[in-house]
Amino acid sequence: MAHFLFIHGACHGAWCWQQVTSLLCQLGHECYSIDLPGHGNDQTPRARITRQDYLNAVSHAIEALEWENITLVGHSAAGILLADLSAKHAEIHRLIYLAAYIPNQNESMLDQLPPDRQIQYQTMASTSSTRCIALDFDTMYKYYFNNLSLTQAQFYYQKITPEPIGPYEEKVKMSPSQLSVKQDYIICKYDQRLLEEQAKRFASRTKGQIHTLDTDHCVMLSNPQLLSQTLHNIVTNATDT
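Residues numbered from 1 in each chain as written. Predicted model: local features only at pLDDT ≥ 70, side-chain atom pairs only at ≥ 80, totals over all residues. Heavy atoms only, no water.

1. A look at the side chain of E163
So the rule is basically this: Each helix is a run of DSSP H or I of at least 4 residues and each strand a run of E of at least 2, with the numbering of both proceeding from the N terminus. The buried label goes to any residue with under 20% of its type's maximum accessible area, the exposed label to any with over 50%, and the partly exposed label to all in between, with areas taken from a 1.4 Å probe on protein chains only. Neither His nor the chain termini are counted; the positive set is Lys and Arg, and the negative set is Asp and Glu. Salt bridge, as applied in this entry: a Lys or Arg side-chain nitrogen positioned within 4 Å of an Asp or Glu carboxyl oxygen. Here a polar contact is recorded for every N or O atom pair within 3.5 Å, except that within protein the pair must consist of a potential hydrogen donor and a potential acceptor, and residues adjacent in sequence are included only if both atoms are side-chain atoms. Whether two residues are in contact is decided by their heavy atoms, any of which lying within 4.5 Å being enough.
Checked against the element boundaries, E163 lands in strand 6 (residues 163-164). Within the buried core, E163 has no salt-bridge partner, and the shortest N-O distance to an opposite charge, that of R46, equals 7.4 Å. A polar contact is formed between the side chain of E163 and the side chain of Y54, at a distance of 2.9 Å. Beyond its immediate stretch of four places on either side in the chain, E163 contacts A10, C11, H39, Y54, R131, C132, I133 and Y168.

2. Details of helix 1 (residues 18-26)
This is how the line gets drawn: By construction, the arc corresponds to the directions joining the helix axis to the C-beta atoms.
Taken together, the buried positions of helix 1 are V20, T21 and L24. Viewed end-on, helix 1 has its buried residues packed into an arc of 95 degrees, placing them on one side of the element. Along helix 1, exposed side chains directed more than 90 degrees from the buried face belong to Q18 and Q26. Positive phi appears at G28, one or two residues downstream of helix 1, with a value of about 100 degrees.

3. Some details on the environment of F4
Along the polypeptide, F4 turns up in strand 1 (residues 3-7). Residue class for F4 comes out buried when judged on its relative accessible area of 0%. Sequence spacing of F4 and P103 is 99 residues, and the spatial spacing of their C-alpha atoms is 23 Å. Setting aside residues up to four positions removed in sequence, F4 forms contacts with L24, H29, E30, C31, Y32, W67, T71, V73, I96, L231 and V235.

4. As for the packing of aromatic side chains
Put simply, the rule reads: In summary, the pairing rule links any two rings of Phe, Tyr or Trp, Trp by its six-membered ring, whose centres are within 6.5 Å, and it sorts them by plane angle into stacked for under 30 degrees, edge-to-face for over 60 and tilted for everything else. Consider the ring centre and the ring normal. A charge sits over the ring if Lys NZ or Arg CZ is within 6 Å of that centre and within 35 degrees of that normal.
Scanning all chains against the criterion turns up nine aromatic pairs. Feature note: the residues F4, F6 and W17 constitute an aromatic cluster, connected by ring pairs. Taking the ring centre of Y143 as reference, the NZ or CZ of R193 above it sits at 4.1 Å. The ring of F202 is capped by R201, whose NZ or CZ atom sits 4.8 Å from the centre of that ring.

5. Notes on the pattern of salt bridges
Tallied over the entire structure, the rule returns seven salt bridges. Here R51 ties to D84 by a salt bridge, and the two come within 2.2 Å at their closest N and O atoms. One end of the pair, R51, is in helix 2 (residues 51-65); the other, D84, is in helix 3 (residues 79-88), and 33 residues separate them in sequence. We classify R51 as buried; its relative accessible area is 4%. Judged by relative accessible area, which is 11%, D84 ranks as buried. We note a salt bridge from R94 to D184, for which the minimum N-O separation is 2.6 Å.

6. Topic: the packing of helix 2 against helix 3
This is how the line gets drawn: Axes, fitted as lines to C-alpha atoms, cover a helix only where it is in contact. Angles between the N-to-C directions of the axes lie from 0 to 180 degrees. Put simply, angles under 35 degrees are roughly parallel, angles over 145 are roughly antiparallel, angles from 65 to 115 are roughly perpendicular, and the rest are oblique. With the far helix as reference, a near helix turned anticlockwise by less than a right angle produces a left-handed crossing, and one turned clockwise produces a right-handed crossing. The classification used treats Ala, Val, Leu, Ile, Met, Phe, Trp, Tyr, Cys and Pro as nonpolar, Asp, Glu, Lys and Arg as charged, and all other residues, Gly among them, as polar.
It is at 10 Å that the axes of helix 2 and helix 3 come closest, and there the two elements cross at 55 degrees. Comparing the axis directions of helix 2 and helix 3 gives the class oblique. Considering how the two elements wind past one another, helix 2 and helix 3 form a crossing that is right-handed. Of helix 3, the residues touching helix 2 (which contributes R51, Y54, L55, V58 and S59) are I80, L81, D84, L85 and K88. For the contact of helix 2 with helix 3, a count of residues per class yields six nonpolar, one polar and three charged.

Quick look at the structure:
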């Protein structure tokens, strides 16, 4: 049995893991997912949220769970948190990066984005009273929800929250290559937000196995069965996907 702690990516919340955690629990694992500050049901004002606030929220969850061996799963922008959390918490047994951005030491999330997206996000934040990135439905459907039906995409879009830019601007302290903890990277082949070649570049910054799924960026929504089985296989050393 593994103990999974799930961290959502930008604009999402703990809600996005509901199907995956249910399936993993049926396979005998324990699971917990959190809302990062300003996301999901968390009402923290977004204007002043920092990356350290994200780190603190996950640390508090780790301390409250009192699990000895944690498999920490981070999706997309949550990749900027995993290495620093692992360096702080000996309880973390394995890191699983899911279609995740992985900055090198002393780089930020913004540094990982193409120049046009950097400018787009900074412009959005500068014109927002809460310094947030707010993505419209068409963008989410095209780049994040492209394996969902229109009805499904509309349903999940209603749960989306604006993303504070503060955590995107701050540099990470550690990179996974500096850690001895077990590491895996899951590439989503039909991801339109983090293209396969970009994902391979981030995966090369880890020290573990690379797994490729025929899915879109938000596989936890479009194919929770496949993701759950893949995670189960990773932690049980079953045949790789």
